[in-house]
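# Topology and contacts: notes
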Amino acid sequence: MKIDVLTIFPDFFDRVFDFGIIRRAKLAGIVDISVHDLRGFATDKHRMVDDRPFGGGDGMVLKPEPIFAAIENLIGASDRDRYPPKTRVALLSPQGRPLKQRIVREFADDSDHIVLICGRYEGVDERVNEALVTDEISIGDYVLSGGEPAAVVLVDSIVRLLPDALGSETSAVYDSFSNGLLDCPHYTRPAEFRGMKVPDVLLNGNHAEIEKWRHEKALEKTRTIRGDLLTGENGEM
Ligand code: 9D3
(Lines give C-alpha, C1' and ligand atoms only; values in the text may rest on other atoms or scores of the structure.)
Protein backbone atom coordinates (compact mmCIF):
# COMPACT_ATOMS: atom_id res chain seq x y z
CA MET A 1 0.00 0.00 0.00
CA LYS A 2 1.16 3.53 -0.83
CA ILE A 3 0.24 6.40 1.52
CA ASP A 4 0.95 10.05 0.66
CA VAL A 5 0.40 12.82 3.20
CA LEU A 6 -0.11 16.41 2.00
CA THR A 7 0.61 19.07 4.62
CA ILE A 8 1.93 22.58 5.11
CA PHE A 9 3.93 21.24 8.11
CA PRO A 10 5.92 18.28 6.73
CA ASP A 11 8.40 18.48 9.66
CA PHE A 12 5.54 17.55 11.99
CA PHE A 13 5.86 13.98 10.66
CA ASP A 14 9.67 13.77 10.98
CA ARG A 15 9.81 10.65 13.18
CA VAL A 16 6.20 9.80 13.90
CA PHE A 17 6.12 6.84 11.46
CA ASP A 18 9.49 5.44 12.62
CA PHE A 19 8.34 3.34 15.57
CA GLY A 20 6.73 0.02 16.34
CA ILE A 21 4.31 -1.56 13.92
CA ILE A 22 4.52 1.24 11.34
CA ARG A 23 8.31 1.09 11.25
CA ARG A 24 8.21 -2.71 10.86
CA ALA A 25 5.59 -2.51 8.11
CA LYS A 26 7.70 0.03 6.21
CA LEU A 27 10.84 -2.11 6.51
CA ALA A 28 8.90 -5.21 5.39
CA GLY A 29 7.65 -3.35 2.29
CA ILE A 30 4.01 -3.63 3.40
CA VAL A 31 3.49 0.12 3.24
CA ASP A 32 5.33 3.03 1.68
CA ILE A 33 4.62 6.37 3.38
CA SER A 34 5.66 9.74 1.91
CA VAL A 35 5.03 13.20 3.34
CA HIS A 36 4.79 16.14 0.92
CA ASP A 37 5.01 19.87 1.57
CA LEU A 38 1.93 21.47 0.00
CA ARG A 39 4.06 24.58 -0.57
CA GLY A 40 6.15 22.56 -3.01
CA PHE A 41 3.11 22.40 -5.30
CA ALA A 42 2.39 26.14 -5.17
CA THR A 43 2.85 27.72 -8.57
CA ASP A 44 2.92 31.46 -7.85
CA LYS A 45 6.18 33.18 -6.99
CA HIS A 46 5.23 33.64 -3.32
CA ARG A 47 4.37 29.94 -2.92
CA MET A 48 1.00 30.89 -1.46
CA VAL A 49 -1.05 27.98 -0.14
CA ASP A 50 -3.83 29.97 1.55
CA ASP A 51 -5.93 33.07 0.98
CA ARG A 52 -8.76 35.12 2.52
CA PRO A 53 -12.29 33.70 2.38
CA PHE A 54 -14.72 35.04 -0.24
CA GLY A 55 -17.62 36.66 1.58
CA GLY A 56 -15.38 37.82 4.41
CA GLY A 57 -14.67 36.44 7.84
CA ASP A 58 -11.75 35.46 10.00
CA GLY A 59 -9.00 33.06 9.12
CA MET A 60 -7.58 31.75 5.91
CA VAL A 61 -8.67 29.06 3.47
CA LEU A 62 -6.35 26.57 1.73
CA LYS A 63 -6.27 27.47 -1.98
CA PRO A 64 -7.34 24.88 -4.55
CA GLU A 65 -4.41 25.18 -7.00
CA PRO A 66 -1.60 23.56 -4.93
CA ILE A 67 -3.89 20.72 -3.80
CA PHE A 68 -5.11 20.02 -7.36
CA ALA A 69 -1.48 20.10 -8.60
CA ALA A 70 -0.40 17.69 -5.85
CA ILE A 71 -3.21 15.21 -6.55
CA GLU A 72 -2.57 15.41 -10.30
CA ASN A 73 1.10 14.68 -9.62
CA LEU A 74 0.55 11.87 -7.09
CA ILE A 75 -2.44 10.12 -8.70
CA GLY A 76 -2.31 11.24 -12.33
CA ALA A 77 -5.86 12.59 -12.33
CA SER A 78 -7.60 15.56 -10.74
CA ASP A 79 -11.14 14.21 -10.88
CA ARG A 80 -12.14 11.52 -8.40
CA ASP A 81 -14.15 9.72 -11.12
CA ARG A 82 -10.89 9.19 -13.04
CA TYR A 83 -8.74 7.80 -10.22
CA PRO A 84 -7.30 4.31 -10.67
CA PRO A 85 -9.21 1.59 -8.78
CA LYS A 86 -8.60 1.37 -5.01
CA THR A 87 -7.40 4.98 -4.82
CA ARG A 88 -8.71 7.17 -2.01
CA VAL A 89 -8.23 10.83 -1.22
CA ALA A 90 -9.17 11.55 2.37
CA LEU A 91 -9.56 15.09 3.71
CA LEU A 92 -9.05 15.32 7.47
CA SER A 93 -11.47 17.97 8.68
CA PRO A 94 -13.85 18.71 11.57
CA GLN A 95 -16.74 18.33 9.07
CA GLY A 96 -15.85 14.73 8.23
CA ARG A 97 -17.50 11.41 9.14
CA PRO A 98 -16.38 10.45 12.65
CA LEU A 99 -13.70 7.77 12.30
CA LYS A 100 -14.75 4.28 13.40
CA GLN A 101 -12.96 0.93 13.19
CA ARG A 102 -15.34 -0.05 10.37
CA ILE A 103 -14.02 2.85 8.26
CA VAL A 104 -10.43 1.95 9.13
CA ARG A 105 -11.13 -1.62 7.98
CA GLU A 106 -12.60 -0.37 4.68
CA PHE A 107 -9.45 1.67 4.05
CA ALA A 108 -7.13 -1.20 5.00
CA ASP A 109 -9.00 -3.88 3.03
CA ASP A 110 -9.80 -1.95 -0.09
CA SER A 111 -7.03 0.55 -0.92
CA ASP A 112 -3.81 0.40 -2.92
CA HIS A 113 -3.16 4.14 -2.72
CA ILE A 114 -4.32 6.61 -0.06
CA VAL A 115 -3.64 10.36 -0.19
CA LEU A 116 -4.32 12.26 3.02
CA ILE A 117 -4.93 16.01 2.88
CA CYS A 118 -4.37 17.75 6.21
CA GLY A 119 -6.76 20.65 6.67
CA ARG A 120 -5.71 23.86 8.43
CA TYR A 121 -6.99 27.34 9.19
CA GLU A 122 -10.72 27.84 8.73
CA GLY A 123 -10.86 25.19 6.04
CA VAL A 124 -10.14 24.08 2.51
CA ASP A 125 -11.61 25.52 -0.69
CA GLU A 126 -14.82 23.52 -1.30
CA ARG A 127 -13.83 22.67 -4.88
CA VAL A 128 -11.21 20.31 -3.43
CA ASN A 129 -14.09 18.45 -1.79
CA GLU A 130 -16.22 18.47 -4.92
CA ALA A 131 -13.60 17.19 -7.36
CA LEU A 132 -10.87 15.36 -5.41
CA VAL A 133 -11.97 14.07 -2.03
CA THR A 134 -13.43 10.56 -1.79
CA ASP A 135 -13.68 10.50 2.03
CA GLU A 136 -13.93 13.41 4.49
CA ILE A 137 -12.97 12.24 7.96
CA SER A 138 -12.92 13.66 11.49
CA ILE A 139 -11.29 11.76 14.36
CA GLY A 140 -13.73 12.97 17.00
CA ASP A 141 -15.65 15.79 18.59
CA TYR A 142 -12.87 18.03 19.84
CA VAL A 143 -10.96 20.87 18.20
CA LEU A 144 -7.47 20.26 16.80
CA SER A 145 -5.31 23.01 15.35
CA GLY A 146 -4.99 21.09 12.10
CA GLY A 147 -5.45 17.77 10.34
CA GLU A 148 -1.88 16.54 10.99
CA PRO A 149 -2.52 14.68 14.27
CA ALA A 150 -5.63 13.16 12.66
CA ALA A 151 -3.57 11.94 9.69
CA VAL A 152 -1.21 10.19 12.11
CA VAL A 153 -4.17 8.51 13.81
CA LEU A 154 -5.59 7.33 10.49
CA VAL A 155 -2.26 6.01 9.18
CA ASP A 156 -1.56 4.15 12.43
CA SER A 157 -4.99 2.54 12.59
CA ILE A 158 -4.83 1.45 8.91
CA VAL A 159 -1.26 0.15 8.80
CA ARG A 160 -1.67 -2.18 11.79
CA LEU A 161 -4.49 -3.93 9.90
CA LEU A 162 -2.46 -4.62 6.75
CA PRO A 163 -1.71 -8.30 6.22
CA ASP A 164 1.47 -9.31 8.10
CA ALA A 165 1.93 -5.90 9.77
CA LEU A 166 1.34 -7.31 13.25
CA GLY A 167 3.59 -10.03 14.62
CA SER A 168 2.29 -13.52 13.77
CA GLU A 169 1.20 -14.34 17.34
CA THR A 170 -0.76 -11.16 18.00
CA SER A 171 -2.64 -10.57 14.76
CA ALA A 172 -5.38 -13.18 14.46
CA VAL A 173 -5.97 -13.43 18.20
CA TYR A 174 -5.99 -9.68 18.77
CA ASP A 175 -8.62 -8.79 16.22
CA SER A 176 -10.90 -11.74 16.82
CA PHE A 177 -11.25 -10.20 20.27
CA SER A 178 -12.44 -6.83 18.98
CA ASN A 179 -15.92 -7.86 20.03
CA GLY A 180 -17.38 -4.40 20.49
CA LEU A 181 -16.51 -4.30 24.20
CA LEU A 182 -13.85 -2.37 26.08
CA ASP A 183 -11.00 -4.54 27.26
CA CYS A 184 -10.99 -6.20 30.68
CA PRO A 185 -8.44 -5.13 33.33
CA HIS A 186 -4.95 -6.63 33.11
CA TYR A 187 -2.42 -7.44 35.85
CA THR A 188 1.16 -8.64 35.97
CA ARG A 189 3.62 -9.38 38.77
CA PRO A 190 3.87 -8.70 41.65
CA ALA A 191 0.69 -10.35 42.97
CA GLU A 192 0.57 -7.69 45.67
CA PHE A 193 1.85 -4.13 45.08
CA ARG A 194 1.63 -1.43 47.77
CA GLY A 195 -1.20 -3.33 49.41
CA MET A 196 -3.14 -3.65 46.12
CA LYS A 197 -3.88 -7.29 45.31
CA VAL A 198 -4.38 -9.00 41.98
CA PRO A 199 -7.85 -10.64 41.93
CA ASP A 200 -7.61 -14.24 43.21
CA VAL A 201 -9.41 -15.66 40.18
CA LEU A 202 -6.44 -14.72 37.96
CA LEU A 203 -4.01 -16.66 40.17
CA ASN A 204 -5.85 -19.98 40.52
CA GLY A 205 -5.22 -21.35 37.01
CA ASN A 206 -8.89 -22.10 36.24
CA HIS A 207 -9.05 -20.85 32.68
CA ALA A 208 -12.79 -21.23 32.21
CA GLU A 209 -13.35 -19.16 35.33
CA ILE A 210 -10.76 -16.60 34.21
CA GLU A 211 -12.45 -16.16 30.81
CA LYS A 212 -15.83 -15.73 32.51
CA TRP A 213 -14.36 -13.09 34.88
CA ARG A 214 -12.71 -11.23 32.00
CA HIS A 215 -15.95 -11.12 30.02
CA GLU A 216 -17.92 -9.88 33.05
CA LYS A 217 -15.33 -7.16 33.74
CA ALA A 218 -15.31 -6.12 30.07
CA LEU A 219 -19.12 -5.84 30.07
CA GLU A 220 -19.14 -3.92 33.36
CA LYS A 221 -16.45 -1.49 32.15
CA THR A 222 -18.27 -0.99 28.84
CA ARG A 223 -21.61 -0.34 30.58
CA THR A 224 -20.13 2.36 32.87
CA ILE A 225 -17.77 4.10 30.46
CA ARG A 226 -19.34 3.47 27.04
CA GLY A 227 -22.97 2.45 27.36
CA ASP A 228 -23.45 3.65 23.77
CA LEU A 229 -21.39 0.68 22.55
CA LEU A 230 -23.95 -1.71 24.04
CA THR A 231 -27.13 0.01 22.85
CA GLY A 232 -25.71 0.74 19.39
CA GLU A 233 -27.08 4.29 19.59
CA ASN A 234 -23.75 5.81 18.61
CA GLY A 235 -21.17 3.19 19.38
CA GLU A 236 -19.47 0.51 17.27
CA MET A 237 -15.70 0.17 17.36
C1 9D3 B 1 -14.77 27.85 13.86
C2 9D3 B 1 -15.16 26.53 13.32
N3 9D3 B 1 -14.12 25.51 13.48
C4 9D3 B 1 -14.68 24.24 12.92
C5 9D3 B 1 -15.15 23.34 14.02
C6 9D3 B 1 -12.91 25.88 12.75
C7 9D3 B 1 -11.83 24.88 12.70
C8 9D3 B 1 -11.42 24.20 13.83
C9 9D3 B 1 -10.35 23.30 13.76
C10 9D3 B 1 -11.20 24.63 11.49
C11 9D3 B 1 -10.16 23.74 11.44
C12 9D3 B 1 -9.73 23.09 12.57
C13 9D3 B 1 -8.58 22.17 12.49
N14 9D3 B 1 -8.98 20.78 12.71
C15 9D3 B 1 -8.81 19.85 11.78
O16 9D3 B 1 -8.32 20.17 10.72
C17 9D3 B 1 -9.26 18.50 12.01
C18 9D3 B 1 -9.94 17.89 13.11
C19 9D3 B 1 -10.43 18.43 14.35
O20 9D3 B 1 -10.29 19.62 14.69
N21 9D3 B 1 -11.09 17.58 15.19
C22 9D3 B 1 -11.28 16.26 14.92
N23 9D3 B 1 -10.85 15.72 13.78
C24 9D3 B 1 -10.19 16.55 12.91
S25 9D3 B 1 -9.58 16.06 11.43
C26 9D3 B 1 -9.01 17.55 11.04
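Note: the structure precedes this text.
This section reports on the structure supplied with the text. (Residues numbered from 1 in each chain as written. Predicted model: local features only at pLDDT ≥ 70, side-chain atom pairs only at ≥ 80, totals over all residues. Heavy atoms only, no water.)

## Looking at the packing of aromatic side chains
Stated precisely, the cut-off is as follows: Classification of ring pairs rests on two measures: the distance between centres of Phe, Tyr or Trp rings, Trp counted by its six-membered ring, which must be within 6.5 Å, and the angle between planes, read as stacked under 30 degrees, edge-to-face over 60 and tilted in between. The classification of residues rests on relative accessible area computed with a 1.4 Å probe and restricted to protein chains. Under 20% of the type maximum is buried, over 50% is exposed, and intermediate values are partly exposed.
Tallied over the entire structure, the rule returns 2 aromatic pairs. A centroid spacing of 5.3 Å and a plane angle of 70° characterise the contact between Phe 12 and Phe 13, whose relative ring orientation is edge-to-face. A centroid spacing of 5.9 Å and a plane angle of 25° characterise the contact between Phe 13 and Phe 17, whose relative ring orientation is stacked. Neither Phe 13 nor Phe 17 differs from the other in exposure class; each is buried. Members of the aromatic cluster, each reached through a chain of ring pairs, are Phe 12, Phe 13 and Phe 17.

## Focus: unusual backbone geometry
Operational definition: A run of DSSP states H or I qualifies as a helix once it reaches four residues; a run of E qualifies as a strand once it reaches two. Both are numbered from the N-terminal end.
For the peptide bond that leads from Arg 189 to Pro 190, omega is 5°, which places it in the cis range. Note that Pro 190 resides in the loop between helix H6 (168-176) and strand E9 (192-193). Residue Arg 194 is not a glycine yet carries a positive backbone phi of 50°. Residues other than glycine seldom take positive phi values, yet Glu 236 does so here, at roughly 85°. Summarising the element assignment, Glu 236 is placed in the segment after helix H8 (227-231).

This is a description of form; function is not addressed.
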